[in-house]
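Next come the chains, spelled out residue by residue.
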Amino acid sequence: MTTTDADTAASPVPTAPSGAFTDFSDPEALLRLPRLTSVTALPGGRALATIQEADEHGARTPSALWELDPAGSAPARRLTRSEEGESGPRPAPDGTVLFTSARPDPAGRTFEDRAAIWRLPASGEAELVAAAPGGLELLSVARDGSMLAATSVLPGGTLEDDAEQRTARKDAKRTAIWHTGMPIRQWDHEIGDQERHLVLVSPAGELADLTPGVGTVALTSASAGLSPDARTVATSWTRRVTGGETRSDLVLLDVGSTERTVLLAADDEAQFSSPCYSPDGERLAYIRSTLPSPAGTSLARLELRDLATGETVTAELGDLTATDLEWQDPGTLLVAGDLHSSGAVLAVDAATGASRTLAADGVFSSLSVAEDGTVHALRSDVGTPPRPVRISPDGAVRELPAPGAVGALPGTLERVSIDVDGIEVGGWLCVPAKASAAEPAPVMLWVHGGPHGSYNAWSWRWCPWLAVERGYAVLMPDPAMSTGYGDAGLNRGWPRRPDVVFHECETLLDAVLERAELDGSRTAMLGASFGGFMANWIAGHSDRFDAIVSHAGLWALPQQHRTTDAAAWKMRVHGHEDEDPDWYRAFSPHHEIDAITTPMLVTHGNRDHRVPISEALRLWWDLVSAWDGDPADMPHRFLQLTSENHWVLTPSNAVVWNRAVLAFCDQHVLGGPSADAAISW
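So, here is what we can say about the structure in this document. As the structure is a computational prediction, the values presented were derived from the model and not from experiment.

On a plain count of helices and strands, the protein comes out with 12 helices and 38 strands. Taking 2.2 N^0.38 as the reference for a compact globule, 681 residues should give roughly 26 Å; the C-alpha atoms of the protein span a radius of gyration of 25 Å, in line with that estimate. Projected onto its principal axes, the C-alpha positions of the protein cover 70 × 60 × 55 Å. Counting only residues that meet the buried cut, the protein has 54% of its 681 residues in that class. The long-range fraction of contacts in the protein, counting pairs at least 24 apart against all pairs at least 6 apart in sequence, stands at 55%. Summed over all atoms, the accessible surface of the protein reaches about 27,700 Å², with 49% contributed by carbon and sulfur. For the protein, the distance from the average position of its 53 positive side-chain charges to the average position of its 92 negative side-chain charges is 3 Å.

As a further point, take the sheet that holds strand S20 (residues 283–290). Where strands meet in a sheet, backbone hydrogen bonds hold them as pairs that are either parallel or antiparallel. Across the sheet, four strands lie side by side as S19-S20-S21-S22; this open sheet has antiparallel pairing. Every other strand in the sheet has two partners, leaving strand S19 (270–277) and strand S22 (312–314) as the edge strands with one partner each. Here the strands of the sheet are splayed against their neighbours by 30° on average, with no regard to which way each runs. Here strand S21 (residues 300–306) pairs with S22 via three bridges, running antiparallel.

Attention shifts here to a negative patch on the surface. On the surface, Asp-578, Glu-579, Asp-580 and Asp-582 cluster together to form a negatively charged patch. Relative to the helices and strands, Asp-578 is located in the loop between helix H9 (567–574) and helix H10 (581–587). Given the relative accessible area of 63%, Asp-578 is considered exposed.

Time to look at the packing of aromatic side chains. The geometry of an aromatic ring pair is captured by the separation of the ring centres together with the interplanar angle, meaning the angle of the planes. Under the counting rule described, the total for this entry stands at 12 aromatic pairs. Between Trp-583 and Tyr-584, the ring centres sit 5.2 Å apart and the planes meet at 80°, which makes this aromatic pair edge-to-face. The two residues Trp-583 and Tyr-584 agree in class, both being buried. The structure contains a cluster of three or more aromatic residues connected by ring pairs, namely Phe-21, Phe-24, Trp-458 and Trp-460. Over the face of the ring belonging to Trp-118 we find Arg-103, whose NZ or CZ atom lies 5.3 Å from the ring centre. Stacked on the ring of Trp-187, the Lys or Arg Arg-610 has its end atom at 3.7 Å from the ring centre.

So, about the state of the cysteines. Taken as a whole and assessed by the stated rule, the structure comprises zero disulfides. Here Cys-505 is not disulfide-linked; the sulfur of Cys-430 is the nearest cysteine sulfur, at 15 Å.

A few words now on the sheet that holds strand S29 (residues 384–391). Ordered by their spatial adjacency, four strands build an open sheet running S27-S28-S29-S30, and the pairing between neighbours is antiparallel. Taken across any chain shown, the strands that pair with only one partner, and hence form the sheet edges, are strand S27 (363–369) and strand S30 (397–399). For this sheet the average axis-to-axis angle between neighbouring strands, irrespective of direction, equals 30°. Inspection of the sheet shows strand S28 (residues 375–381) paired to S29 by six bridges, in the antiparallel sense. Counted as the bridge partner of Ala-377 is Val-389 from S29.

Here we take up the pattern of salt bridges. For the structure shown, the criterion picks out 31 salt bridges. Between Arg-247 and Glu-245 there is a salt bridge, and its shortest N-O distance comes to 2.9 Å. Grouping residues by exposure puts Arg-247 and Glu-245 together as buried. Arg-637 serves as the salt-bridge partner of Asp-676, at 2.8 Å between the closest nitrogen and oxygen. With Asp-676 in the segment after helix H12 (651–669) and Arg-637 in strand S38 (residues 637–641), this residue pair connects regions lying 39 residues apart in the sequence. Look at the salt bridges and you will find they share partners, linking Glu-245, Arg-247, Asp-268 and Arg-572 into a network.

Turning our eyes to something else, we now look at the pairing of strand S17 (residues 246–254). Taken across its nine residues, S17 has eight buried, putting it largely inside the fold. The loop that links S17 with its antiparallel partner strand S18 (residues 260–264) comprises five residues; one of these, Thr-258, has a positive phi angle of about 65°.

Turning to the environment of Thr-597, a few remarks are in order. Following the sequence through the fold, Thr-597 ends up in the loop between H10 and strand S37 (600–605). Classification of Thr-597 as exposed rests on a relative accessible area of 57%. Sequence separation between Thr-597 and Asp-546 is 51 residues, and the spatial gap between their C-alpha atoms is 9.4 Å.

Secondary-structure assignment places Asp-381 in strand S28. Polar side-chain contacts of Asp-381 include one of 2.8 Å to the backbone nitrogen of Gly-383. In terms of polar contacts, Asp-381 uses its side chain to reach the backbone amide nitrogen of Thr-384, at 2.8 Å. When sequence neighbours within four positions are dropped, the list of residues in contact with Asp-381 reads Asn-456, Ala-457 and Trp-458.

Our focus in this paragraph is H12. Relative to the 27 Å expected for 19 residues at 1.5 Å per residue, H12 spans 26 Å between its end C-alpha atoms, a close match to the ideal helical length. With 15 of 19 residues buried, H12 is to be regarded as a mostly interior element.

Moving on: the pairing of S20. Note: S19 against S20, six bridges, orientation antiparallel. Within the sheet, the bridge partner assigned to Ala-270 lies in S20 and is Thr-290. Between S19 and S20, which pair antiparallel in sequence order, lie five residues; one of them, Gly-281, sits at a positive phi of approximately 75°. Judged from the seven bridges that link them, S20 and S21 form a sheet pairing that is antiparallel. Its bridge partner lying in S21, Arg-283 is registered against Asp-306.

The rules behind these values
Residues numbered from 1 in each chain as written. Predicted model: local features only at pLDDT ≥ 70, side-chain atom pairs only at ≥ 80, totals over all residues. Heavy atoms only, no water. Helix = DSSP H or I, 4+ residues; strand = E, 2+ residues; numbered from the N terminus. Rg over C-alpha atoms; globule rule 2.2 N^0.38 Å. Buried < 20%, exposed > 50% of the residue type's maximum accessible area, 1.4 Å probe, protein only. Contact = heavy atoms within 4.5 Å. Areas by Shrake-Rupley, 256 points an atom, 1.4 Å probe, with all protein chains shown as cover. Lys, Arg positive; Asp, Glu negative; His and termini not counted. Charge placed at Lys NZ, Arg CZ, Asp CG, Glu CD. Pairing = 2+ DSSP bridges. Axes fitted to C-alpha atoms, helices over the stretch in contact; angles between N-to-C directions. Patch = residues over 30% accessible without salt bridge, like charges linked within 9 Å, V, L, I, M, F, W, Y side chains within 5 Å. Salt bridge = Lys/Arg side-chain N within 4 Å of Asp/Glu carboxyl O. Phe/Tyr/Trp six-rings, centres within 6.5 Å; stacked < 30°, edge-to-face > 60°. Lys NZ or Arg CZ within 6 Å of the ring centre and 35° of its normal. Disulfide = S-S within 2.5 Å. Polar contact = N/O pair within 3.5 Å; in protein donor to acceptor, adjacent residues only side chain to side chain. Expected span 1.5 Å × (residues − 1).

The structure is reproduced here in structure tokens:
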């Protein structure tokens, strides 16, 4: 059910209960905290934030649009309100705000449960702009108000007959997919049951299909942008090649004729993604990525191309791993990314590729440039959830009032590092405020996923402060293959060497355990995805921990490398087990099942296609069948999340997951009661 926007647009709404959040003893209270997911600069100095909040039952986290005070003196006010939620706001040339939502249209012009494009005026209710049977995702807006959007069409169909075909398919309960090659899955959904098309949406809401007959693969993961004059679309374009692999070209689509021109063709050395037009349309920024191999991981380069001359420069980013791109003006590209267990925003000269630091000391995302050149963004660190900030041209960063602020933490946050074989390995250490030499805190070692990732920002899914409030110290290293340490950091330990990662993590752990306020006799190890793989591997190679928690972890690599949605990349790097038996024997955790003595908690989502549930099912069978004692005394547990994917996204399931993990560690690290009692339905 949808309520109108008129009332909420007219007067401020209280931003949050009085006082910032501090109750880390209650996972549910934390997971009900408002979450900022984007910030957008608007004409006239205005700014919007997109904020998610859990619904009454903890089943969903719909988002709404809130207006921020760019001066930082007034509280944020909520502009939209519907059960379906609103997201993806973009300013239109006429001063209105475009956004997407699955809210119903009173005139019945939308499609059930499908996002449409809406327009929010300065005052009054939002109005429908355009809808499509497969939904619409707003990608960019041109100077004349034309919009580039993505939609889904049933295979072989058209926009005109898609609604009729969908109805027939639904009525017949037809779910078959006809595959002609790879890939067939991505993260949590199937590939092949729909085609992703790019469409031009006129200011009046008329739709024109720019990619008819595109097929099921070309635009599945495409990133695309509309030129400022609305005459050309730049997009990545995926094609199948031999060996089950794909390559992504950089393509220009003529809007008038829909003719396609390959600007940069991918080969066995590199492919392309993330095209981004400069405000004057004269330059195109994009990412060139090398293909991974046994000798080296995929390395990304940010390039800027003059579209008239073809002259191209490579941005000088140093150790920064780029995550966000946004043009500040025709000659300056802003790049946000990971840097040295933190982050930064660099300003890149489009003509030379030279860069300077605009902002540092935090992880920045959702860059959006105001008319005066001021940058709006979200800023986060390990102790601070994403907060809206305004970055002035001189680099000064000021936070803007918004819901979801966190107050005093239940402990201290400290950057730690140590020399490991001539390499500085750093990370973050969270220590409970009550820890002391007289009452030292038990310690958790967390290993991040990826393996190309970093512990540098707030995480709702893996929040260390819940454990710190419980009395645990949490060490979060950035070992080999972490982002933000340049090519050398990404390639150290490649190809995915758990022994290298564990050596660096364990050396840092041993160093911090020399502190009197930490108790090295009571420890746990936790990880997800690649970190879950590390948990599984460590369980068979070390008995130093009292408990191990493995979420979405790889167990039998010969099996996982063929069943993951990223099978082409995994097999490209690691090959068949007969081709490199020594690597598989040393690093596939399933070989060491008989050596596991540490109690393990295995958690996994059924809809995970990156690390299929078959990994957890096989691990669970191996653990249970290998236990030769009384079944009632078996210490291992399995938390199966039948509706989740690679992540635990449903708030109510996240509450169960956090309580189960903490209770399991309490039982085996602290000698607490059985974790079975912590699970409630």
